[in-house]
Amino acid sequence: KGGRAVPPPAALEKIRDPCAGRPGATARGSGPRPIPGGDLEASGVLEAAFAARAVEGELIFLSVGDTRDHRRVAKDPALKDISTDFLLHLLANLRALGRENWLILSTRRLCGRLQAEHCERSCVWSTLWDDHPGLEPWRLKPGDMFLMWAQQWRYVARALELGYRVFRADTDVYFAEDPYPLLRSPLLRPFEMVVQHDFASMLDNNRRPACSAPPRRPADSAVAPGLQTCGTRPRHLALLNIGLLYVRSSPGGGAYAAINETWAAFLSKLSGPPYKPKHLNGRVESQALIDQPFMRKAVDELAAPDSASLPPKPASHWAVVSGASAHPYPAGVTCSLADQGGCGAVLEARRKTAFLVQLVRPRRPLAGLRRDERIALAPDWLFGRGCLTHVRRPLSL
């Protein structure tokens, strides 16, 4: 009254944002900023969300749904409902590594829960393709994971169009060390996409890539910096596992084309008659809409001969690259172990690990651009597969 500032009542002092100061809800320094959520199809939401969550042009793209996971009904009945537990564990893991530049694609309902129950203000949702006429025949509904996975690749492509670099990860993973220095190392920096290698144990007795000839470097080092090849491997033994994928391409590039063709293949399949295999007795097999086979097929069809591989690699094969081609860490970085002797052993083991590389070429120019790019199937010390059975100090994670 009388023009004087009146302090708020004591009762209101206690009614504060319960998330104030909590990780995920508060901007810190130059790190990512919290976002209120929103539909990525609404005007301006996508651009604002990417700008708020990315750090130095890097964005980690995650997705989690709250509907039935079709694939687990039979093989993992206890996990038939997708849980946020995997997601929350991964966020804690990334936060411990100092990487909080994630954006979570979810449903409106689950995003609200993440905000209210976990103070996680980094989620969005999407109505993209929610009214597609193929959903009902394929027994899908808005929010289903197969639809969400396809949506995420459209948004990964959009991020590349806007100049971001994207790390797309499943949520049931754990990082024992920060992957970013490894992806920026002289060994992996030449590749526009780095993706997990799904070892074909049924086809090749679980053999990892190995050199079948002395490593050789092309005479023109500008063609493929750091590329030191030592053999080839047929494409059926080079399977992508897109649960872990890092891409730094842009429109007109081969890796961008592979991302774009993945969601386009989903739409094409969704627009056709639903798949009803005989063993399901007329029921629809929604797993035919899983994104991974679409990307594998896209990469196979975009594969091109590679003259920088010695001997020259045909389109039907992947080049084997020596792990000793270049240093697996950037300058000034060793490893995540405190023991430098242990880091030396890690370095030696990594230099012995060969991996596969494919040259991909867009089918046609895009806005006058058409660039050959290379995709690396990551050595398993980067994106490997393992089973965690014992944790001595769980709180330290």
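Relevant structure appears above.
Calculation notes
Residues numbered from 1 in each chain as written. Predicted model: local features only at pLDDT ≥ 70, side-chain atom pairs only at ≥ 80, totals over all residues. Heavy atoms only, no water. Helix = DSSP H or I, 4+ residues; strand = E, 2+ residues; numbered from the N terminus. Buried < 20%, exposed > 50% of the residue type's maximum accessible area, 1.4 Å probe, protein only. Contact = heavy atoms within 4.5 Å. Areas by Shrake-Rupley, 256 points an atom, 1.4 Å probe, with all protein chains shown as cover. Pairing = 2+ DSSP bridges. Axes fitted to C-alpha atoms, helices over the stretch in contact; angles between N-to-C directions. Phe/Tyr/Trp six-rings, centres within 6.5 Å; stacked < 30°, edge-to-face > 60°. Disulfide = S-S within 2.5 Å.

Colleague: How should the overall build of the protein chain be read in this particular structure?
Modeller: Scanning the protein chain for helices and strands turns up eleven helices and ten strands. Classification of the 397 residues of the protein chain by burial places 48% in the buried group. Contacts spanning at least 24 positions in sequence make up 75% of the contacts within the protein chain whose residues lie at least 6 apart. Summing over all exposed atoms, the protein chain offers an accessible surface of approximately 19,500 Å²; the carbon and sulfur share of this is 54%.

Colleague: I keep staring at the environment of valine 357 and nothing clicks. Help me out?
Modeller: For valine 357, the location among the structural elements is in strand E9 (residues 355–360). For valine 357 and alanine 319, which are 38 residues apart along the polypeptide, the C-alpha to C-alpha distance reads 5.2 Å. Apart from the residues within four sequence positions on either side, valine 357 is in contact with Phe191, Lys313, Trp318, Ala319, Val321, Arg374, Ile375 and Ala376.

Colleague: I would appreciate a short explanation of the sheet that holds strand E1 (residues 58–63) in the present structure.
Modeller: The strands making up a sheet are joined through hydrogen bonds of the backbone, oriented either antiparallel or parallel. Ordered in space as E3-E2-E1-E4-E7-E5-E10-E9-E8-E6, the ten strands form an open sheet in which the pairing is mixed. Strands at the two margins of the open sheet, each flanked by one partner only, are strand E3 (123–125) and strand E6 (229–234). Each strand axis lies, on average, 35° off the axis of its neighbour in the sheet, ignoring direction. With six bridges connecting them, strand E5 (residues 193–198) and strand E7 (residues 239–247) associate as antiparallel partners. In the sheet register, methionine 193 faces E7, and the bridge partner there is valine 247. Helix-sheet contacts for helix H5 (residues 108–118) involve strand E2 (102–106) and E3, and the interaxial angle to E3 is about 165°.

Colleague: What exactly am I supposed to notice about the packing of aromatic side chains here?
Modeller: All chains considered together, the criterion is met by ten aromatic pairs. Considering the side-chain rings of phenylalanine 167 and tyrosine 180, the 6.1 Å spacing of their centres and the 70° angle between planes classify their relative orientation as edge-to-face. Linking phenylalanine 167 in strand E4 (residues 165–169) with tyrosine 180 in helix H7 (residues 179–183), this pair joins segments that are 13 residues apart in sequence. An aromatic cluster is defined as three or more aromatic residues linked by ring pairs; in this entry it consists of Phe167, Phe175, Tyr180, Tyr246 and Phe383.

Colleague: Sorry if this is basic, but what is going on with the environment of aspartate 144 here?
Modeller: Within the fold, aspartate 144 resides in the loop between E3 and helix H6 (145–161). Relative accessible area serves as the criterion here: at 2%, aspartate 144 is assigned to the buried category. Residues aspartate 144 and glycine 65 lie 79 residues apart in sequence; the distance between their C-alpha atoms is 6.9 Å.

Colleague: So what exactly am I meant to see when it comes to the state of the cysteines here?
Modeller: Here is the idea: a disulfide is a covalent bond, and it sits between the sulfur atoms of two cysteines. In this structure the tally under the stated criterion is three disulfides. With its sulfur 2.0 Å from that of its partner, cysteine 111 forms a disulfide with cysteine 123. For the disulfide bridge between cysteine 111 and cysteine 123, the dihedral angle about the S-S bond is near 80°, and by the sign convention the bridge is right-handed. Here cysteine 123 lies in strand E3 and cysteine 111 lies in helix H5, a separation of twelve residues in the sequence. According to the relative accessible area criterion, cysteine 111 is buried, its value standing at 0%. The exposure class of cysteine 123 is buried, given its relative accessible area of 0%. Between the sulfur of cysteine 335 and that of cysteine 343 lies a disulfide, 1.9 Å long from S to S. On the S-S bond that ties cysteine 335 to cysteine 343, the torsion sits near -85°, and the link is left-handed. When its relative accessible area of 16% is taken as the criterion, cysteine 335 is described as buried.

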